[in-house]
Amino acid sequence: MGHSVCYKILRDHVVEGTLSPGSEIGIRIDQTLTQDATGTMAYLQFEALGIPRVKTEISVSYVDHNTIQMGFENADDHAYLQTMNARFGIHFSRAGNGICHQVHLERFGRPGATLLGSDSHTPTGGGIGMIAIGAGGLDVAVAMGGGPFYLTAPRVINVRLTGRLRAWVTAKDIILTVLGILGTRGNVGTVLEYTGDGVAGLSVPERATITNMGAELGVTTSIFPSDDVTRRFLKAQARGDAWREILPDLDAGYERLIDIDLSAVEPLAAAPHSPGKIKKISELAGMPVQQVAIGSCTNSSYKDLMTVARILRGKKVAPGVSCIVAPGSRQVFEMIARNGALADIIGSGARIMESACGFCIGAGQAPQSGGVSLRTNNRNFEGRSGTASAEVYLVSPETAALSAVSGSLTNPLDRPAKEYPDIAMPRQFIIDDSMIIPPADNAPDIVRGPNIGEPPRTSPLADELQGVIGLKVGDNITTDHIMPAGPRLKYRSNIPKYAEYVFEHVDPEFSRRALADRLKGIYTVIAGGLSYGQGSSREHAAICPMYLGVRVVIAKSFERIHSGNLINFGIVPLVFKNPNDYTRINVGDSIIARGLIAAIKERDSLGITIGGADYEFVLSLSERQRAILVAGGLLNYTRKKFSA
Ligand code: MIC
Ligand code: SF4
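Given the structure is predicted, the values throughout are model-derived calculations rather than measurements.

Quick notes on the rules
Residues numbered from 1 in each chain as written. Chains lettered and ligands numbered in written order. Predicted model: local features only at pLDDT ≥ 70, side-chain atom pairs only at ≥ 80, totals over all residues. Heavy atoms only, no water. Pairing = 2+ DSSP bridges. Helix = DSSP H or I, 4+ residues; strand = E, 2+ residues; numbered from the N terminus. Contact = heavy atoms within 4.5 Å. Axes fitted to C-alpha atoms, helices over the stretch in contact; angles between N-to-C directions. Buried < 20%, exposed > 50% of the residue type's maximum accessible area, 1.4 Å probe, protein only. Polar contact = N/O pair within 3.5 Å; in protein donor to acceptor, adjacent residues only side chain to side chain. Near = heavy atom within 4 Å. Nonpolar A, V, L, I, M, F, W, Y, C, P; charged D, E, K, R; others polar. Left-handed = near helix turned anticlockwise from the far one by under 90°. Right-handed = clockwise from strand over helix to strand, strands pointing away.

1. Focus on the sheet that holds strand β3 (residues 31-35)
Piece 1. Taking strand neighbours across the sheet as the criterion, the six strands line up as β7-β6-β3-β4-β5-β20 in an open arrangement whose pairing is mixed. Edge positions in the open sheet fall to β7 (131-134) and β20 (436-437), since each of these has one partner strand only.
Piece 2. Where helix α2 (residues 36-49) meets the sheet, it contacts β3 and β4 (58-62), and its direction lies at approximately 115° from that of β3.
Piece 3. The sheet strands contacting helix α4 (residues 100-107) are β3, β4, β6 (114-117) and β20, and the helix crosses β3 at an angle near 150°.

2. Quick notes on the side chain of Thr-410
Piece 1. With respect to the helices and strands, Thr-410 occurs in the loop between α13 (397-406) and β20.
Piece 2. Residue Thr-410 is classed as buried on the basis of its relative accessible area of 11%.
Piece 3. Within the structure, the side chain of Thr-410 is placed 2.8 Å from the backbone oxygen of Ser-408, a separation counted as a polar contact.
Piece 4. Each residue touching Thr-410, except ones within four places of it in the same chain, is listed here: Ile-281, Thr-399, Leu-402, Ser-403 and Arg-415.

3. Re the site of ligand 2
Piece 1. Close contacts around ligand 2 come from His-65, His-101, Asp-119, His-121, Ser-296, Cys-297, Cys-357, Cys-360, Ile-361, Asn-378 and Arg-384, and that covers them all.
Piece 2. Partitioning the shell around ligand 2 into residue classes produces four nonpolar, five polar and two charged.

4. Re the environment of Trp-243
Piece 1. Looking at where Trp-243 falls in the secondary structure, it is placed in the loop between α8 (228-236) and β12 (256-261).
Piece 2. Judged by its relative accessible area of 24%, Trp-243 falls in the partly exposed class.
Piece 3. Put simply, Trp-243 and Glu-73 are 170 residues apart on the chain and 40 Å apart in space, counted from C-alpha to C-alpha.
Piece 4. Look past the residues within four positions of Trp-243 in its chain and what remains in contact with it is Pro-111, Ser-226, Asp-227, Thr-230, Arg-231 and Leu-234.

5. Comments concerning the packing of helix α10 (residues 302-312) against helix α11 (residues 330-338)
Piece 1. Axis separation between α10 and α11 bottoms out at 9 Å; the angle between their running directions is 35°. Taken as a pair, α10 and α11 cross one another with a handedness that is right-handed. Two secondary-structure elements touch here, α10 through Tyr-302, Leu-305 and Met-306 and α11 through Val-332, Met-335 and Ile-336.
Piece 2. For the contact of α10 with α11, the per-class residue count stands at six nonpolar, no polar and no charged.

6. Brief notes about the pairing of strand β15 (residues 291-294)
Piece 1. With burial as the criterion, each face of β15 is covered, one bearing Gln-291 and Ala-293 and the other bearing Val-292 and Ile-294.
Piece 2. Pairing analysis gives four bridges linking β15 to strand β16 (residues 322-325), with the strands arranged parallel. Within β16, the residue paired with Val-292 across the bridge is Cys-323.
Piece 3. Since β15 and β16 lie parallel, the crossover through α10 that links them has a hand, and here it is right-handed.
Piece 4. When β15 meets strand β18 (residues 372-375), the two strands line up parallel, connected through three bridges. Bridging across to β18, Val-292 finds its partner in Leu-374.

Put into structure tokens, the structure is as follows:
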């Protein structure tokens, strides 16, 4: 049997384990990326590893999340990153240069390489045929130090695209179709590989929209073949020599086949409050809209914004709508400025934002109370926009721009096909890497302002744990529930401060209670439902609970990146053997777990007494994860390993 694109690349990179679906493998990482919100912690941890210089082919540090600078904190972080990066061999992409995934695709990604990023949308790189995976910052720090990245060798699902999209139907609608089929949970350990004759009709940015938002499925990553379209894109980025062809073998074996006829794809939206709540635009059309936000790493490419500019040209944004446009990179920004498209956008009354995450991470542009906001990004979790009562719908740039003008959700298919602005990809992008600072030979001292804290310390696991159920939550708890971003984002480098906001919107008293218990020697246990820890790669959703004294989380199931982060910070993820037990557990129940170390070292299950009754939990851990937990986390474990 032949190989998929995914397994061809994995085969070239595997350094530990056997490459067969379901078993743990370690892979060599060629490239890493970080962004500022996860990067400061990743680099503090890298420093703690004691390695003088990164060992990857290239590591890039982007500043795109915290660029609001309402106080000294963001700027402190930027200064730390810039000076730290110069010293340790890392390229630094300055604030204003664009969103990490967009810029990395344009300037650094290469087919056939592995990329590990401390951001869950790192799979954007799959759009040019690389294995690009999101992980916690500590995993990225270890990879920068030359250590392998460990993952479950994936089951590969083949998404076969046939035919062509109709005018006005877009790549966003393709990934929303996939989300409608697979949902946001139950896809852990899989990779989506796109094939079929429909692939050739999709440009690299369109492919990247699809792999980017694959993150919302909870898959390990998504990947497209590297073909002639990829070659032309890289050539237009003056990086033609980075191209190599990578196609699946004709007899490649896949776990499952999903067929999508592109000509039947419809304009779709993800309705509040989940990227998995897929509705047809035709069913929602006519709904009044108060805000339209176009941008984010999902949909802010040159092609996206040129299309938006054409739609807005000569028109005015409706008086009841606030329309925001944020180009994904400085390259895109400069190109639309020089060719006049930006003037069309400005002329329509849209508000222009800098090239950064901005509204997508809740850094500004919170909608009005109860307002309907159409956004082109990838997540619409409750409250993420900054307004808990807002209704956020995720749509294509085409749907967004048409609706901005009409003032209500507009079905693009109601427009004549011949009016569709079919934008060609540029033969040559404007290339100016002057906002990317290469590492220095004689680096100045590292600047550590008051916002730069210490890397978190964990102690080895205790054999007996006395605790209490501090919080019980339902299904689909996201990392935005656990560790809110938005206005709290500026505390990412300051764990004691950020920890005050753990589960802020779920139970405002949780943090204070847990910390008080910790000081009394009582550990807090969190009880969750299905798919606990969806969404972001932010390891703060593990670090801050750990700081509050959480050493165990029990749930019906966990999402991949978050469960990896829990283990990295010495928190034991336990899965209910009998999911019905979940209903019998209550906040305030006392917990006693004995013989933890022996169980973690060698058993697949563990009995715990909760509220006086005995319950069984599954410990599905690899050998390496067991050793990490016993050591009290990945930093302790790696330090020992590197020094040996
Ligand atoms: C997000 O989209 O949720 C973020 C903010 O980019 C996160 C990373 C973070 O929390 O810093 C992600 O996707 O991993
Ligand atoms: Fe930034 Fe939003 Fe993309 Fe996350 S999803 S990297 S916040 S633009």
